[in-house]
Amino acid sequence: MPLLRFDVIEGRSPEELRKLLDAAHDAMVEAFQVPVTDRYQIVHQHPAHEMIIEDTGLGFKRTDQVVVISIVSKERTPAQKERLYKLLAERLKQECGIEPTDVIISLVQNGPADWSFGMGEAQFLTGKL
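This is a predicted model, so every value here is computed, not measured.

Calculation notes
Residue indices follow the written sequence of each chain, beginning from 1 at its first position. For a predicted model such as this one, the threshold for reporting local features is a pLDDT of at least 70, and the threshold for listing and counting side-chain atom pairs is 80 or more; totals across whole chains, interfaces and linings nevertheless cover every residue. Working from all heavy atoms in the structure, the side-chain values ignore hydrogens and water. A helix here means a DSSP run of H or I that spans at least four residues, while a strand means a run of E at least two residues long, and both kinds are numbered starting from the N terminus. Summary of the burial criterion: residues with accessible area below 20% of their type's maximum are buried, those above 50% are exposed, and those between are partly exposed, where the area comes from a 1.4 Å probe applied to protein chains only. Any two strands with at least two DSSP-identified bridges between them are counted as paired. An axis is simply a line fitted to the C-alpha atoms; with a helix, the fit covers only the stretch in contact. Between two such axes, the angle follows the N-to-C directions and lies from 0 to 180 degrees. Contacts: residue pairs with any heavy atoms within 4.5 Å of one another. Looking down the strands as they point away from you, a crossover is right-handed if its path from the first strand over the helix to the second goes clockwise. N or O atoms within 3.5 Å of each other form a polar contact, as long as, within protein, one can give a hydrogen and the other can take it, and as long as residues adjacent in sequence are counted only when both atoms are side-chain atoms. Both cavities and pockets are sets of points on a 1 Å grid over the protein atoms alone; in a cavity a 1.4 Å probe fits but cannot get out, in a pocket the set is open with protein on both sides within 12 Å along at least five of seven lines, and lining residues sit with an atom within 4 Å of a point. Grid points are joined across faces, edges and corners, and a volume is the space filled by probe spheres set on the points. Charged means Asp, Glu, Lys or Arg here, nonpolar means Ala, Val, Leu, Ile, Met, Phe, Trp, Tyr, Cys or Pro, and polar covers whatever is left, Gly included.

**Some words on unusual backbone geometry**
The phi torsion of most residues other than glycine is negative, and most of the peptide bonds are trans.
Moving on, step 1. Positioned with a positive phi, Q33 is a non-glycine residue whose angle comes to about 50 degrees.
Moving on, step 2. Mapped onto the elements of the fold, Q33 is located in the loop between α1 (14-32) and β2 (40-46).
Moving on, step 3. Note on Q33: relative accessible area 57%, which makes it exposed.
Moving on, step 4. Phi at T56 is positive, roughly 60 degrees, even though this residue is not glycine.

Structure, rendered in C-alpha cells:
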C-alpha cells in the first residue's frame, strides 16, 4: 500500500527506470513486509535545472543520478523506517549503481481513512483490506 514517487533527472532508459523501481520495491517488501503485489510507484523525470538538491550541510556531493523518493504509507515503526532507508541505499547501489549520497528519502504517514483503492470506497475502513 505504500505509494512511492521517484523524482529523477531525465535521461534514464526504460530499463534503468525499471531496475530502480524493482530494487525499491524489493526493499519495501523486505522492510515493511508488504505483499509483493502491493506496488504503487510513479516516476517523475525533470530537466536538470528543475532539481536543486544540495547536501544539507553533510558534505555530500550529488550527481545527475540523484533520486528523491517520496513515500506515503500507513504508520511504521522507527526500526522499519531505518531498515527501509538502509535497504534502499544498498539496493540502489547494487542494482542501479546509484551512490548512497544520491538517494534522498522522505516518508509521510497517514491513516486508514486516507486511502481509497477504487470504487469510491475506503477499503481499510470497510474491512475489505
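**Considering the sheet that holds strand β4 (residues 103-110)**
Moving on, step 1. With respect to topology, four strands assemble into an open sheet ordered β2-β1-β3-β4, the strand pairing being mixed. Pairing within the sheet leaves two strands with one partner each, and these edge strands are β2 and β4. The mean inter-strand angle of the sheet, taken between neighbouring strand axes irrespective of direction, is 15 degrees.
Moving on, step 2. Sitting on the sheet, α1 touches β1 (3-9), β2, β3 (67-74) and β4, and the angle it makes with β1 is about 145 degrees.
Moving on, step 3. Most of the contacts of helix α2 (residues 78-96) go to β4, to which it runs at about 145 degrees, and overall it touches β3 and β4.

**Quick word on the pairing of β2**
Moving on, step 1. Here β1 runs beside β2; their pairing, made up of seven bridges, is parallel. Among the inter-strand pairings, D7 is bridged to a residue of β2, identified as H44.
Moving on, step 2. Taken together, β1, α1 and β2 form a β-α-β motif whose crossover is right-handed.

**Quick word on the side chain of N110**
Moving on, step 1. Its place among the elements puts N110 in strand β4.
Moving on, step 2. Within polar-contact distance, the side chain of N110 engages the side chain of W115 at 2.8 Å.

**Here we look at the layout of surface pockets**
Moving on, step 1. Volume-wise, the largest pocket comes out at about 200 Å³.
Moving on, step 2. Considering the residues around the largest pocket, the lining is formed by 14 residues, among which M1, P35, D38, F124 and L129 are closest to the centre.
Moving on, step 3. A per-class count over the lining of the largest pocket returns nine nonpolar, two polar and three charged.

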